Every structure is written in C-alpha cells, then in structure tokens.
Amino acid sequence: MKTKFFLSIYIISFVFLFFNSNAQDSSLVKKSASVKTIWDIPHKTLWQKWMWIHRSITFGITKKQPINYDTAYITSYHKRLVITLPISTRFLKFSLIDFKSGSKLTFAPNLEYDLGISLSSRWASFIINTGVKVYGGDIDIMGKTKYQDYQLNLYGRKFTTDMFVQYYSGFYIKNSQSYSNYVSDKPYAIRADVFALNIGVSSYYIVNHRKFSYQNSFSFVEHQKKSAGSLLIGLYYSYFNADGNSTLVAQPFRGSFDTLSYIKNGHTNNFGLNLGYIYTLVFLKKFYVTGSLVQGVGGEQIAYQRDNNSVYHQLVGGAGKLNVRAAMGYDNGNYFIGGMGMVDYYLLKGSWNSAFDYSFGKFMIYSGYRFSVLKKERKLLRRLKLIDY
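Residues numbered from 1 in each chain as written. Predicted model: local features only at pLDDT ≥ 70, side-chain atom pairs only at ≥ 80, totals over all residues. Heavy atoms only, no water.

Draft legend 1. Just the pattern of salt bridges, in detail. A complete count under the given rule lists 10 salt bridges for this structure. The residue aspartate 331 makes a salt bridge to arginine 370 at a minimum N-O spacing of 2.7 Å. One end of the pair, aspartate 331, is in strand β13 (residues 311–331); the other, arginine 370, is in strand β15 (residues 354–372), with 39 residues separating them in the sequence. In this structure, aspartate 331 and arginine 370 share a single accessibility class: buried. Linked through salt bridges whose partners overlap, the residues forming this network are Arg378, Arg382 and Asp388. (Salt bridge = Lys/Arg side-chain N within 4 Å of Asp/Glu carboxyl O. Helix = DSSP H or I, 4+ residues; strand = E, 2+ residues; numbered from the N terminus. Buried < 20%, exposed > 50% of the residue type's maximum accessible area, 1.4 Å probe, protein only.)

Draft legend 2. Focus on unusual backbone geometry. Geometrically, the link from glutamine 251 to proline 252 is a cis peptide bond, its omega value of 10 degrees lying close to zero. With respect to the secondary-structure elements, proline 252 resides in the loop between β10 (228–243) and β11 (263–283). Even without a glycine there, the phi angle at phenylalanine 220 is positive, about 70 degrees. For phenylalanine 220, the position within the fold is in the loop between α5 (215–218) and β9 (222–224). Overall, the relative accessible area of 5% leaves phenylalanine 220 in the buried class. For lysine 385, which is not glycine, the phi torsion reads 60 degrees and is therefore positive. By the element assignment, lysine 385 lies in the segment after α6 (374–383). Its relative accessible area of 23% is what places lysine 385 among the partly exposed residues.

Draft legend 3. Representation of the packing of aromatic side chains. Applying the stated rule across the entire model yields 31 aromatic pairs. Ring centres of phenylalanine 220 and phenylalanine 336 lie 5.2 Å apart, and the angle between their planes is 25 degrees; this geometry places the pair in the stacked category. Taken together, the residues phenylalanine 220 in the loop between α5 and β9 and phenylalanine 336 in strand β14 (residues 335–347) connect sequence positions 116 residues apart. In this structure, phenylalanine 220 and phenylalanine 336 share a single accessibility class: buried. Taken together, the aromatic side chains of Phe94, Phe107, Phe164, Phe171, Tyr236, Phe240, Tyr346, Phe356, Tyr358 and Phe360 make up a single cluster linked through ring pairs. Sitting over the face of the ring of tyrosine 262, arginine 254 holds its NZ or CZ atom 3.8 Å from the ring centroid. (Phe/Tyr/Trp six-rings, centres within 6.5 Å; stacked < 30°, edge-to-face > 60°. Lys NZ or Arg CZ within 6 Å of the ring centre and 35° of its normal.)

Draft legend 4. Structural detail: the nonpolar core. Residues Phe94 and Phe356 are the most contacted members of the largest nonpolar core, which totals 34 residues. Mapped onto this core, the elements with two or more residues apiece are β2 (80–98), β3 (104–108), β7 (159–173), β8 (189–206), β10, β12 (287–306), β13 and β15. Here phenylalanine 94 is in contact with Leu105, Thr106, Phe107, Phe171, Val194, Ala196, Phe240, Ala242, Phe356, Asp357 and Tyr358, once residues within four sequence places are set aside. Formed by 23 residues, the second largest nonpolar core is a distinct cluster that contains Tyr155, Tyr204, Val221 and Tyr366. (Core = buried A, V, L, I, M, F, W, Y, C linked by side-chain atoms within 4.5 Å. Contact = heavy atoms within 4.5 Å.)

Draft legend 5. Here's a closer look at the pairing of β13. Here β12 runs beside β13; their pairing, made up of 19 bridges, is antiparallel. By the bridge assignment, glutamine 305 is partnered in β13 with valine 311. Between β12 and β13, which pair antiparallel and follow one another directly, the connecting turn spans 4 residues, one of which, asparagine 309, has a positive phi of 70 degrees. (Pairing = 2+ DSSP bridges.)

Draft legend 6. Molecular detail of helix α3 (residues 46–62). Here α3 is 17 residues long and its end C-alpha atoms lie 24 Å apart, about the 24 Å a rise of 1.5 Å per residue gives. Bending of α3 peaks at approximately 40 degrees at the position of tryptophan 52. Here α3 has its buried residues at Trp47, Gln48, Met51, Trp52, Arg55, Ser56, Thr58 and Phe59. (Expected span 1.5 Å × (residues − 1). Bend = angle between axes of the 7 residues up to and from the residue.)

Draft legend 7. Region of interest: the side chain of aspartate 344. Within the secondary structure layout, aspartate 344 lies in strand β14. A polar side-chain atom of aspartate 344 sits 2.8 Å from a polar atom in the side chain of lysine 321. Setting aside its immediate chain neighbours within four residues, aspartate 344 contacts Lys321, Leu322, Asn323, Tyr358, Ser359 and Phe360. (Polar contact = N/O pair within 3.5 Å; in protein donor to acceptor, adjacent residues only side chain to side chain.)

Draft legend 8. Quick look at the environment of arginine 191. Within the element layout of this structure, arginine 191 appears in strand β8. Linking arginine 191 and isoleucine 173, residues 18 residues apart in sequence, is a C-alpha distance of 7.3 Å. A distance of 3.4 Å separates a polar atom in the side chain of arginine 191 from a polar atom in the side chain of serine 246.

Draft legend 9. Fine view of the pairing of β11. In this structure, β10 lies alongside β11, joined through 15 bridges in antiparallel fashion. Bridge pairing in β11 links tyrosine 237 to phenylalanine 271. Hairpin remark: β11 followed by β12, antiparallel, with 3 residues in the connecting loop; positive phi at leucine 284, about 55 degrees.

Draft legend 10. Representation of a nonpolar patch on the surface. On the surface, a nonpolar cluster with roughly 1,100 Å² of combined accessible area is contributed by Val207, Leu231, Ile233, Leu275, Tyr277, Tyr279, Leu281, Phe283, Leu284, Phe287, Val289 and Met328. Contributing elements (two or more residues each) for the nonpolar patch: β10, β11 and β12. Considering every element that reaches the nonpolar patch, the biggest residue donor is β11, with 5 residues. Mapped onto the fold, phenylalanine 287 is located in strand β12. A relative accessible area of 33% means that phenylalanine 287 is categorised as partly exposed. (Patch = residues over 30% accessible without salt bridge, like charges linked within 9 Å, V, L, I, M, F, W, Y side chains within 5 Å. Areas by Shrake-Rupley, 256 points an atom, 1.4 Å probe, with all protein chains shown as cover.)

Written as structure tokens, this is what we have:
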C-alpha cells in the first residue's frame, strides 16, 4: 500500500508539473545540444529542478562515450536493443565428505529447463521468466526441488562481477547406488527435507580489457572480431548452509560413515583471491569459442552440529575455488545463436572430521537478434522532455 501511495503521488506531481512547464521553461531553457555537463541542464524553476534528476540520468546514458577499446578487436552494440530467447537451467548441489572413512554423499537437485526472454540495452538488462518448462526430471525418481535462484552477472569493460543468492529445498542422493547397502527399486534416495542456501560474490579485473570482450560470449552486446584473451585477477566470498529436518547422513548410509560425520546441519564461509585466464578463439569471422579457468585460493571457516548436538568449528587455509566458463556461437552482427555455461566449485581438502564441497552454476542455449532503436528511442525521450528541452 505504501509503495502504491508514493507512486501515485509521484505520477500526480509529474503530470501537474508537466502541464505547468511551458510557461516556466520558455525563457530559460537551453537546447540539449549545448549541454556539456549535467550542470548545464536548466534547474532554476520548480519544474526544471524536478526534471533535472531525470534529465541528468538520461544525459549520462545517452552522451557520447569515449572509445576505451581497440576497434580492430571489438565491435560495440550498446546502442541497440538485444532480445534473446534462452532455454536455461540453474543448479546448486553439495557433498558431505567424511575424511576418515573416505565416504561421501552427493545431494543434487532435480533440474528444470525453462524458456525465458532476455532484454539488454544501454538502459537496463534483465531476464523475464515465462513460466514455460521445456524439460524437467522425473519426480518419482529424483523427487521435487523447490528453489529461488538469483544469479546476477555484471560484465563491464574492465571488471566482471558475479553475485548470487540461491535457496534450494528437496534433493536426491546422486551416488546412492555406490553403496552396497542401498537396496531399492529406485536409483536414488530422495531427501525432500534437506535444504541449502548459498550467498556470495566474485569479481575479476580484466587485464587485457582493450582487446578482450566478456560481453561477446555472455551478454551479447559486443562482438569479438579477432581472437584475444586476458589474465583475470580478483576476489571472492561465499556463504553456504545445509540443513534438514533430520540428520544429513540417514539410513542406509550411516554404517559407511564415522560417527563424527553424523551431521545435522552446517555452514561454511569461503574467501580468497582469484587468478585465471580467459580466451576467445574467433574463426571463419563469425564463429567463436570461449573458455575460462579461474583458480581461487584462500580460507574456509566451517561449523556444523552433529546428531548428538556436539558442535565443531574450524578455520582452515588452503581451501580452493574453481570457476569454469565456456561458450560457443555464431554471430553475424544482427542475429546470433549459441550456448554457454558457467560453474563454480568450492573444494576443501583436509584430513579432519568432515566438510562440505559444493558447486553451483547455470547452462543455457539461446538465439537472439539486435534491433536498431535509436530513432524511436530519441522520439520517446523527446516526448518525455528528457532531451531537446
């Protein structure tokens, strides 16, 4: 209700000021062609002050940007509207490892493949979930997974940042049949009560940013004209939590685990430095293949509660993170088609008690088209009095 109230006040105020703006603007405005900075935008009258914020944002987005890349290697399509139809899936899975016995249980979600619509422009980029499921695993075999999965990838000229918030409920034990005491007419033990949460951020500095484009393979607003690669340097952090209504190590698997690995719930904090390399191979002018491998090295703080309510805490060094990205496609400047995937693995090696390894990522096949909308964009901005005022 509060949001609707303030939105209504905003719209009413905008309309009122809009219809009272002609007399106020007539003697004070400058043509936007003469605007060099946001302080050249008229801001003396009440209407002008109201519009100054909106016009300043528009000016920042639409002003001519300096070219900070090598045009022999990269073509930019930031002024176009890019519409992509992706079929994609996302996942979060984890393993509980008993270092003493060497046993582990791998908890995996029942994946779904959904159709979406992606819109990208110099104004904003977002994906619309159509709710159309293209494919889903057999619920009778793998159980049902409920999830909220938000993975935001920001691909800039010099930096790229991945942010993620994932909540998954309902897993199946992928390696059930590797245990001789698992006897069932179904291939997997289903754990509908288990849930997991993963929150984090990972960022990279692109050393060769003038010649290499992340946006060629992963956001489609640029085109890599010649083969190029870059060293990647950055930081990462991740918080992971796993829990269930009962012990994570249930029957019939308990006999294969040491009693110290009878864990009820646990969480980890991972942090460290990223170092890796990414390369895009361009061939036949319009085809490309991209591969990236980034190794993260740092520390991990792990804590868990056992079935007997005893608690374990440990801060360890030498924990690792591995980020893998791959993409391939065809791009003729207007139409493009291809596939891409990215996976993060968080791995802990040690000889104490138990630990969690976990991974997450997404895979996608897509086709898309870039539309030239500059004339229509300018016409709309002029109607809104955001330019040529």
